Amino acid sequence: MVSATFERIRRHDFHPLEAERRTFTVDRELGEPGVADLEDQDGRVRSLAVRDLIRGALADPDAVASGLADEDLNVRSLAAYALGIARAHAARDDLERMVAQDPEPVARAYGAIALGEMGATPSLELLQERLASEPHADVRHQLELAAAQIEAAGHSSDAQRDAFLALNEDHFGRPAPGHHAIDFELDDTEGRRWRLRNARGAWVVLVWVFADWCPVCHREFAELMEMRDAFVERGVQLATLEAHDTWRARLMVGREIQPTLWGSRQWFKEAYTERIWWPHLMDRAGAVGARYGTEPLQYAVHGEFVNRPTTVIIDPEGVVRFCNAGTYWGDRPTIEQTLDMILREDFAFQHPKRLAPRA
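Cut-off values and rules
- Per chain, the residues get numbers from 1 upward, laid out in the order the sequence is written.
- Note on the predicted model: pLDDT of at least 70 is required for a residue's local features to be given, and 80 or more for side-chain atom pairs to be given and counted; whole-chain, interface and lining totals, by contrast, use all residues.
- The side-chain quantities take in all heavy atoms of the structure and omit both hydrogens and water.
- Residue burial is assigned from relative accessible area. The probe radius is 1.4 Å, only protein chains are included, and a residue is buried under 20% of its type maximum, exposed over 50%, and partly exposed in between.
- To qualify as a helix, a DSSP run of H or I must reach at least 4 residues; to qualify as a strand, a run of E must reach at least 2; elements of each kind are numbered from the N terminus.
- A strand pair is defined by DSSP finding two or more bridges across the two strands.
- Should any heavy atoms of two residues lie within 4.5 Å, those residues are counted as being in contact.
- To estimate the expected span of a helix, count its residues, drop one, and scale the result by 1.5 Å.
- Helix axes use the C-alpha atoms of the stretch in contact, all axes being lines fitted to C-alpha atoms, and the angles between their N-to-C directions lie in the range 0 to 180 degrees.
- Roughly parallel means an angle under 35 degrees; roughly antiparallel means over 145; roughly perpendicular covers 65 to 115; every other angle is labelled oblique.
- Here a crossing is called left-handed whenever its near helix is offset anticlockwise from the far helix by less than a right angle, and right-handed whenever the offset is clockwise.
- Only Asp, Glu, Lys and Arg are considered charged, only Ala, Val, Leu, Ile, Met, Phe, Trp, Tyr, Cys and Pro nonpolar, and every remaining residue, Gly among them, polar.
- In summary, the pairing rule links any two rings of Phe, Tyr or Trp, Trp by its six-membered ring, whose centres are within 6.5 Å, and it sorts them by plane angle into stacked for under 30 degrees, edge-to-face for over 60 and tilted for everything else.
- Comment: the charge-over-ring label is applied if NZ (Lys) or CZ (Arg) is within 6 Å of the ring centre and within 35 degrees of the ring normal.
- Any pair of nitrogen or oxygen atoms within 3.5 Å is treated as a polar contact; in protein, a donor-acceptor pairing is required on top of that, and neighbouring residues in sequence qualify only through side-chain atoms on both sides.

K.L.:
I'd like a description of the pairing of strand 4 (residues 237-242), backed by residues and values.
P.N.:
With respect to burial, strand 4 is a largely interior element, 5 of its 6 residues being buried. Inspection of the sheet shows strand 4 paired to strand 5 (residues 280-282) by 3 bridges, in the parallel sense. Along strand 5, the bridge assignment pairs Thr240 with His280.

K.L.:
Pulling in residues and values, what's your account of the environment of Phe172?
P.N.:
With respect to the helices and strands, Phe172 occurs in the loop between helix 9 (158-165) and strand 1 (185-187). Along the primary structure Phe172 and Ala153 are separated by 19 residues, whereas in three dimensions their C-alpha atoms are 32 Å apart. Not counting chain neighbours up to four residues away, the residues in contact with Phe172 comprise Arg44, Ser47, Leu48, Ala290 and Pro296.

K.L.:
An account of helix 4 (residues 73-85) is needed here, citing residue identities and associated values.
P.N.:
Over its 13 residues, helix 4 runs 19 Å from end to end, which matches the ideal 18 Å to within 8%, given 1.5 Å per residue. Among the 13 residues that make up helix 4, 13 are buried, leaving the element largely enclosed by the rest of the structure. A positive phi of about 55° marks Arg87, the residue just after helix 4.

K.L.:
Outline the packing of helix 2 (residues 42-59) against helix 4, listing residues and values.
P.N.:
Packing of helix 2 against helix 4 brings their axes to within 8 Å, and their N-to-C directions diverge by 55°. Overall, the two elements helix 2 and helix 4 adopt an arrangement that is oblique. Regarding helix 2 and helix 4, the two cross each other, and that crossing is right-handed. Note on element contacts: helix 4 touches helix 2 through Asn74, Leu78, Ala79, Tyr81, Ala82, Leu83 and Ile85, opposite Arg46, Ala49, Val50, Leu53, Ile54 and Ala57. Across the contact of helix 2 with helix 4, the residue classes break down as 11 nonpolar, 1 polar and 1 charged.

K.L.:
Provide a residue-level description of the packing of aromatic side chains, including the pertinent values.
P.N.:
One pass over the structure, following the stated rule, counts 16 aromatic pairs. Ring geometry for Trp277 and Trp278: centres 5.6 Å apart, planes at 80°, overall edge-to-face. Taken together, a centroid distance of 6.2 Å and an interplanar angle of 70° make the contact between Tyr328 and Trp329 edge-to-face. The residues Tyr328 and Trp329 share a single accessibility class, namely buried. If you follow Arg44 out to its NZ or CZ, it ends over the ring of Phe172, 5.8 Å from the centre.

K.L.:
An account of the environment of Asp346 is requested, with residue identities and associated values reported.
P.N.:
One can find Asp346 in the segment after helix 15 (335-344). Sequence separation of Asp346 and Phe322 is 24 residues, and the distance between their C-alpha atoms is 9.4 Å. At 3.3 Å, the side chain of Asp346 forms a polar contact with the backbone nitrogen of Ala348.

See below:
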């Protein structure tokens, strides 16, 4: 099964990385950051490959670890990710070599991510040494996070592993406006369970964000904090969702370290924990997002395979009125525009910089 999964990855024609930085996906036809075609299969192929490689790593970690030396960047990166989620400590030496020697920043980043996810305490010294010498800022960020995750004992949870193992290829899709929203329930970063059906009778906004390194996501968080009264007074319920496990999701809401890459000149962990009024949900493996068009692991940003940013608006009857899957990381409505659409019940939004496939 592992060799067949590797071959499936090699055969797929993924959109390329840009030539200079090598940590951002560009549309192969447009040469622009992002992926314009909403029917593109990159994310689906990657997500299902991680599922199958986790299964393989649980049975034969050496077989999956062999992919860390593969010529194909996606094979190396996805094998590393799967080994981390499976907490396959037998692959630790191979992952350390990837972190230290792989020529591609994305692969080095995923080697670091995997060591953090498996909670590889013996690798902590290496990660700290590489953090001091790594030339690429995006990889340094992942090294910093991996070291902090190990120190916090924030390794990958069984829930994350099980979410990947339960991914179903038939569940990938995108709800059309006018159709009932698919119900789901997820944990938030405080350990509370949130269920969509419980919000019936109110307008609901779902906003999938990327990760702690995303300035667009933090700008949206700032808007939400500023607009709390406007949402509460109108009875609009909102949840943000992140396709990461507990430690990384708590990082996003200021519950863990403040990474260097955030670039803030002030310490704002306290500000986040005091002002975040909405539930930040852990969409582990992007399992819910797969049903809502986010296409988990769609493209690389800052060295990490991430989802399409997606905003969904659901009316009080549970009907989807708006579903905007992004073509890159900046083409969805602002939080203010999202609330305005609800107030006017006019959902004809189109971002002026949205990418469009060539005819």
